[in-house]
Amino acid sequence: LPKAMASFFPTSTTECYVTKHVRNSEILENNCFEYGGADVAGPRCRFAANCILLKVLYIGLEPYMRVFCVTGKEPEWDVGRVPRGKVIGEVLQSNVPWISIGMKVKVTAPWRTYTWVEVTPRVLVEELDNTVPPELYLGLAGSGGRTARLALEKLVKPQAGHVALVTAAASCVGLAACQLMRMEGVTVLGSCGSERKVTLLKKLGVKAFNYKTENADEALARLAPTGLDFLFDNTAGRVRTAAIKIMRGGGVILTSGRIARYDAFGGPAGGDEALEKQIIYENCLHDYGQFFVGHFSGDFVECTSHIIRLYKRGRLKNFDTIVDGFHNLGEAFAGIFRGKTV
């Protein structure tokens, strides 16, 4: 960077903070967040010997964050606090020897236009590959892709010839899981919530259906007449129950998320958990429960590198919903639970 840019140190920033908590039984609205100014050089900026200062380029928003909007779930999501999440930023100042000014990095940081991070051994700072779009690191090569690949590699994955269902198949995790399993010769079905998403999934070779316009039991009977071997579940609710009802003996269930229960916008999630437990027991299904990708944090860097290699070879495709403007963070976050994103 030019010297003038290298010496740039902003005096103020805009930050997003929580204004109220919303239970999972309520609808998340845009007004749950507000925006205000802060002094970068003031007491709230801990620009210490091991800190970096970033100009934020992208902020990653993911469904699991909705759980933090509930009182007491996460201190940094308390009213008046600035939430933290994965961001892509350009380094403006650095007191860390291996992080240079001008470098683009991904790191967990507070939601600010200019933000600062204290780099400790527990903080993962990833330098971006400048030959791929930076937003890739917040989606396919970020938490979404990692969740799909590491679950399939570290826990269990279907074999070639098996029939698998991915719920919320047009989500970031879902799209990665669909593509990775299809590479292994698996027949992949996918549920989603719009015709636009059905079209997207079909282009990837996924047998997709819209659970909002077609009964899940009927759709699965049509698409998987001989049953399912594998369920990669991101939603819980009625589609999960319908899938478990037609799983063949010895089938496998991986649970990544329960987005149908995170927010009330889509109405009751439905489903019958008692029936699910009964079928799992009677049909000897292997239920791995809900996994947490953070348990595999030691594999994050290698996993991202692997996904980027597949992306560069054209074997994985990336799909993002990008909302422009820092002041649209609340609207973008709420949009996840209204089916507006992939």
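Here the structure is shown first, and the text comes after it.
This report concerns the structure included in the present document.

1. Focus: the environment of G335
Moving on, step 1. Positionally, G335 belongs in helix α9 (residues 329–336).
Moving on, step 2. For G335, a relative accessible area of 4% gives the class buried.
Moving on, step 3. Note: C-alpha distance between G335 and L28 (307 residues apart in sequence) is 9.3 Å.
Moving on, step 4. Beyond its immediate sequence surroundings of up to four residues, G335 is in contact with K340 and T341.

2. Description of the sheet that holds strand β7 (residues 126–127)
Moving on, step 1. The sheet built from 5 strands is open, its strands ordered β6-β3-β4-β5-β7 with antiparallel pairing. Each end of this open sheet is capped by a strand with a single partner; those strands are β6 (114–118) and β7.
Moving on, step 2. Pairing analysis gives 2 bridges linking strand β5 (residues 104–110) to β7, with the strands arranged antiparallel. Within β7, the position partnered with K106 by the bridge is E126.

3. Comments concerning the pattern of salt bridges
Moving on, step 1. Taken as a whole, this structure holds 17 salt bridges when the rule is applied.
Moving on, step 2. Among the ionic pairs, E15 bridges to R112, the shortest N-O distance being 2.9 Å. Here E15 is found in strand β1 (residues 12–18), whereas its partner R112 is found in the loop between β5 and β6, with 97 residues between them in sequence. One exposure class covers both E15 and R112, and it is buried.
Moving on, step 3. Across the salt bridge formed by R23 and E26, the nearest N and O atoms sit 3.7 Å from each other.
Moving on, step 4. Judged by its relative accessible area of 54%, R23 falls in the exposed class.
Moving on, step 5. Three or more residues are tied together by salt bridges with common partners; here these are K106, E126 and R146.

4. Concerning the packing of aromatic side chains
Moving on, step 1. In this structure the tally under the stated criterion is 10 aromatic pairs.
Moving on, step 2. With a centroid separation of 5.8 Å and an interplanar angle of 85°, the aromatic rings of Y64 and F68 are classed as edge-to-face.
Moving on, step 3. For Y64, a relative accessible area of 35% translates into the label partly exposed.
Moving on, step 4. Both rings, one in W77 and one in F333, keep their centres 6.1 Å apart while their planes meet at 50°; by these two values the pair is tilted. Of this pair, W77 sits in the loop between β3 (51–59) and β4 (84–94) while F333 sits in helix α9, and the two are 256 residues apart along the sequence.
Moving on, step 5. The structure contains a cluster of three or more aromatic residues connected by ring pairs, namely F33, Y64, F68, W77, W111, F333 and F337.
Moving on, step 6. R112 extends its terminal NZ or CZ atom over the ring of W116, reaching a point 4.3 Å from the ring centre.

Calculation criteria
- Residues numbered from 1 in each chain as written.
- Predicted model: local features only at pLDDT ≥ 70, side-chain atom pairs only at ≥ 80, totals over all residues.
- Heavy atoms only, no water.
- Helix = DSSP H or I, 4+ residues; strand = E, 2+ residues; numbered from the N terminus.
- Buried < 20%, exposed > 50% of the residue type's maximum accessible area, 1.4 Å probe, protein only.
- Contact = heavy atoms within 4.5 Å.
- Pairing = 2+ DSSP bridges.
- Salt bridge = Lys/Arg side-chain N within 4 Å of Asp/Glu carboxyl O.
- Phe/Tyr/Trp six-rings, centres within 6.5 Å; stacked < 30°, edge-to-face > 60°.
- Lys NZ or Arg CZ within 6 Å of the ring centre and 35° of its normal.

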